[in-house]
Amino acid sequence: MHPVAPTRVTYAAFEAPGWGVGEVWLDGDRVVQAEHPRPRQVAQSLKRHPLADRMRDWFAGAEDDFLDVELELDGCTPFQLAAVEALRRVPRGEVVTYGELAVLAGSPGAARAIGTLCATNRFAVIVPCHRVVSASGIGGYGLLGEEYKRRLLRLDGVPWPAT
């Protein structure tokens, strides 16, 4: 393992009102972290990068599953790797519960661990934790909140509350 000296790339999701500016941190072509855009965040300088362009386009409504994007997952447990892989395969327009994702990851009964994984997700929409909902409702979305999660689900074509 080599020391990571990531490159910060910003993307502006202004084509979709209210999203703002997000960041992607890269070690070569491998994503170390990808942050959701925030309306009040200001881009110091927007660096062009193909992944940043894809993120911007996704927030403008383009379909992209990001499955070809390599993630820095060093230090993840086998369970975390399985859960990330399973979650990345939940298609746009669909949601799963924490318990269902645990089953898909091969660990029935690990719904709480899935919740922890989602709460610490550092890959924004590349690992689409917004597609994981509670069995009794939408579930949380950290500091960004439930309304942000609802907006992401609507962007995915999932009306919430589900009908």
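Residues numbered from 1 in each chain as written. Predicted model: local features only at pLDDT ≥ 70, side-chain atom pairs only at ≥ 80, totals over all residues. Heavy atoms only, no water.

1. Comments concerning helix H4 (residues 111-119)
So, point 1. Within H4, burial applies to Ile114, Leu117 and Cys118. The buried side chains of H4 occupy one side of the element, clustering within an arc of 95° when seen end-on. Exposed side chains of H4 directed beyond 90 degrees from the buried face belong to Arg112 and Ala119.
So, point 2. For H4, the secondary structure elements touched by its buried residues are helix H2 (78-88), helix H3 (98-104) and strand E5 (132-133). (Buried < 20%, exposed > 50% of the residue type's maximum accessible area, 1.4 Å probe, protein only. Helix = DSSP H or I, 4+ residues; strand = E, 2+ residues; numbered from the N terminus. Arc of directions from axis to C-beta. Contact = heavy atoms within 4.5 Å.)

2. Concerning the nonpolar core
So, point 1. Judged by nonpolar contacts, the single largest core of 40 residues is most densely connected at Val31, Leu51, Met55, Phe59 and Ile126.
So, point 2. Of all the elements in the fold, those that place two or more residues in this core are strand E1 (7-12), strand E2 (21-27), strand E3 (30-38), helix H1 (50-59), H2, H3, H4 and helix H5 (145-155).
So, point 3. Ignoring any residue separated from it by four or fewer positions in sequence, one finds methionine 55 in contact with Tyr11, Val24, Ala34, Phe66, Ala124, Val125 and Ile126.
So, point 4. Core analysis: the second largest hydrophobic core is formed by 5 residues, Val133, Leu153, Val158 and Trp160 among them. (Core = buried A, V, L, I, M, F, W, Y, C linked by side-chain atoms within 4.5 Å.)

3. Examining unusual backbone geometry
So, point 1. Positive phi outside glycine occurs at phenylalanine 66, with the angle close to 55°.
So, point 2. Looking at the element boundaries, phenylalanine 66 is found in the loop between H1 and H2.
So, point 3. Backbone geometry places alanine 124, a non-glycine residue, at a positive phi of 30°.
So, point 4. Here alanine 124 is to be found in the loop between H4 and E5.

4. Re the packing of H2 against H4
So, point 1. Two numbers describe how H2 lies on H4: the axes approach to 11 Å, and their chain directions differ by 75°. Between H2 and H4, the angle falls in the class roughly perpendicular. Residues Phe79, Gln80, Ala83, Val84 and Leu87 of H2 form the contact with H4, whose own contacting residues are Ala113, Ile114, Leu117 and Cys118.
So, point 2. For the contact of H2 with H4, the residue count by class is 8 nonpolar, 1 polar and no charged. (Axes fitted to C-alpha atoms, helices over the stretch in contact; angles between N-to-C directions. Parallel < 35°, antiparallel > 145°, perpendicular 65-115°, else oblique. Nonpolar A, V, L, I, M, F, W, Y, C, P; charged D, E, K, R; others polar.)

5. Notes on the sheet that holds E2
So, point 1. Strands sit in the order E1-E2-E3 across an open sheet of 3 strands; the sheet is antiparallel. Of all strands in the sheet, those bounded by a partner on one side alone are E1 and E3. Between one strand and the next, the sheet's axes are offset by a mean angle of 15°, whatever the strand orientation.
So, point 2. Of the pairings in the sheet, the one linking E1 to E2 comprises 6 bridges and is antiparallel in character. Bridge pairing links arginine 8 to tryptophan 25 in E2.
So, point 3. Of the strands in this sheet, E1, E2 and E3 are in contact with H1, which crosses E1 at around 30°. (Pairing = 2+ DSSP bridges.)

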